[in-house]
Amino acid sequence: MEIVRRVHSMKEACRQARRGGKKIGFVPTMGALHEGHLRLIRRARELADIVAVSIFVNPTQFDQASDFESYPREETADADRCISERVDYLFSPPAEELYPEGSQTIVDVTELSRSFEGASRPGHFRGVATVVLKLLQIVQPDFAVFGQKDLQQALVVRRMVRDLMLDVEIVMMPTVRDEDNVALSSRNQKLSAAEREAARAIPRALEAARQAIAEGQRQSDRVLAAVHEVLQAEERLKVDYVELVDRERLEPPTQVQGELALIIAAFLGETRLIDNVLLNADPPKQKKA
Ligand code: AMP
């Protein structure tokens, strides 16, 4: 595996791979790699001949400097993890490589970026879209793999790729969970034992939504009530948002039907966790006469 720090070197390596007729799979990350990231890397490995992973704690997507500074950084361990997954290129540039002095251009996916994560973290998706476009321009992959855990992020990136007519397929992989069903996240490291215990209410609440839909519940407020009931039972958990949304525009559906998602963000102390479940609400079956 080659560790690449410079934009021009990464471009050149990827250009050569493409010239050799190789397909490139790309996984952008902010490091502190866990099994969730590794699944994305394995998927890229299945889809492509060459796998590139980026590790870049992107300053422009953090709305709080303290959050950026305290974000976990595990460079050596991450490189070892990438070697074990047979990654070809680990792109880990310093900030000034991706944001040279005088940079002015930003990417704004206007509507999808406003709600939920975008509302709670102003400017977040502008930072995400801008850095992901830069990375896609550098690597020019055939596939870029993202996690369902950050559903809104994956949708923002998909929208950007469509709107800007980029030649890359965005692949979304299911959320990887710990044994207690809490979604794996670099932020989980910050939870105390009691907060971790309380975090389990989030997957329980998602399961309540799944069950309500599976049992034929088609009233949005009833589904949401089942979710809130689970979350409210956990005192430490402070809900930021809970919503039932469609999977295209992330808006509450007029009817509980088709491909939906239940999305949650909640605070446990200072730590903010997000999670979601994809729901398929088929229309209720017609009873035979
Ligand atoms: P991050 O390093 O947190 O920016 O995440 C990099 C990529 O890994 C994003 O596409 C995330 O959605 C994805 N990811 C993070 N946690 C998980 C998880 N538990 N399961 C699946 N994908 C994940």
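Residues numbered from 1 in each chain as written. Predicted model: local features only at pLDDT ≥ 70, side-chain atom pairs only at ≥ 80, totals over all residues. Heavy atoms only, no water.

Caption draft 1: Quick peek at the overall build of the chain. When you go through the chain residue by residue, the secondary structure sums to 11 helices and nine strands. A compact globule built from 289 residues should have a C-alpha radius of gyration of about 19 Å, and the chain, at 20 Å, falls within 12% of that. In the chain, which comprises 289 residues, the proportion classed as buried is 52%. Intrachain contacts of the chain at a sequence separation of at least 6 include 72% that bridge at least 24 residues. Between the mean site of the 40 positive side-chain charges and the mean site of the 45 negative ones, the chain shows a separation of 4 Å. (Helix = DSSP H or I, 4+ residues; strand = E, 2+ residues; numbered from the N terminus. Rg over C-alpha atoms; globule rule 2.2 N^0.38 Å. Buried < 20%, exposed > 50% of the residue type's maximum accessible area, 1.4 Å probe, protein only. Contact = heavy atoms within 4.5 Å. Lys, Arg positive; Asp, Glu negative; His and termini not counted. Charge placed at Lys NZ, Arg CZ, Asp CG, Glu CD.)

Caption draft 2: Seen up close, the side chain of N188. Within the fold, N188 resides in the loop between β6 (169-173) and α9 (193-199). Ignoring sequence-local partners within four residues, the contact set of N188 consists of V182, A183, R196 and L273.

Caption draft 3: Seen up close, the site of the ligand. In the neighbourhood of the ligand, 17 residues make up the surrounding shell, with M30, G147, D150, V176 and L184 lying closest. Between the ligand and G147 there is a distance of 2.9 Å, counted from an oxygen atom to a backbone nitrogen or oxygen. Against a free-state accessible area of 480 Å², the protein chains account for coverage of 93% of the ligand. Looking at the shell around the ligand, the elements that each hand over two or more residues are β2 (24-29), α2 (35-47) and β5 (143-147). Looking at which element gives the most residues to the shell around the ligand, the answer is α2, with three residues. Taken together, the residues of the shell around the ligand break down into eight nonpolar, seven polar and two charged. (Near = heavy atom within 4 Å. Polar contact = N/O pair within 3.5 Å; in protein donor to acceptor, adjacent residues only side chain to side chain. Areas by Shrake-Rupley, 256 points an atom, 1.4 Å probe, with all protein chains shown as cover. Nonpolar A, V, L, I, M, F, W, Y, C, P; charged D, E, K, R; others polar.)

Caption draft 4: A look at the pattern of salt bridges. For the coordinates displayed, the defined rule picks out 28 salt bridges. D88 is the salt-bridge partner of R45, the closest N and O atoms lying 3.3 Å from each other. Taken as a pair, R45 in helix α2 and D88 in the loop between α4 (75-84) and β4 (89-91) lie far apart in primary sequence, 43 residues in all. Through salt bridges that share partners, D63, E117, R121, D240 and R272 make up one connected network. (Salt bridge = Lys/Arg side-chain N within 4 Å of Asp/Glu carboxyl O.)

Caption draft 5: Representation of the pairing of strand β8 (residues 258-268) within the structure. Counting buried positions over the 11 residues of β8 gives eight, a clear majority of the element. As paired strands, strand β7 (residues 237-246) and β8 are joined by nine bridges and run antiparallel to one another. Among the inter-strand pairings, E243 is bridged to a residue of β8, identified as I263. Alignment of β8 against strand β9 (residues 271-281), held across 11 bridges, turns out to be antiparallel. (Pairing = 2+ DSSP bridges.)

Caption draft 6: Structural view of the sheet that holds β8. The strand order across the open sheet built from three strands is β7-β8-β9, with neighbouring strands paired in antiparallel fashion. The open sheet has two edge strands with one neighbour each: β7 and β9. Here the average twist between neighbouring strands, direction ignored, is 15 degrees. Sheet contacts for helix α10 (residues 201-214): β7, β8 and β9; angle to β9, the most-contacted strand, approximately 15 degrees. (Axes fitted to C-alpha atoms, helices over the stretch in contact; angles between N-to-C directions.)

Caption draft 7: Summary view of helix α8 (residues 151-163). For α8, spanning 13 residues, the distance from its first C-alpha to its last is 18 Å, which sits close to the expected 18 Å at 1.5 Å a residue. Inspection of α8 places L151, Q152, Q153, A154, L155, V156, V157, M160 and V161 among the buried residues, and these make up the whole buried set. Against the buried residues of α8 lie α6 (117-120), α7 (124-139), β5, β6, β8 and β9. Immediately downstream of α8, the backbone of M165 shows phi near 55 degrees, a positive value. (Expected span 1.5 Å × (residues − 1).)

Caption draft 8: Helix α11 (residues 220-232), seen in detail. If you check α11, its first and last C-alpha atoms are 18 Å apart, about what 13 residues at 1.5 Å a residue would give, namely 18 Å. Of the residues making up α11, those classed as buried are V223, L224, V227 and L231. An end-on view of α11 places all buried positions within 95 degrees of arc, on one side of the element. Across α11 from its buried face, at more than 90 degrees, point the exposed residues D221, E229 and Q232. Turning to α11, the residues buried within the fold contact α10, β7 and β8. (Arc of directions from axis to C-beta.)

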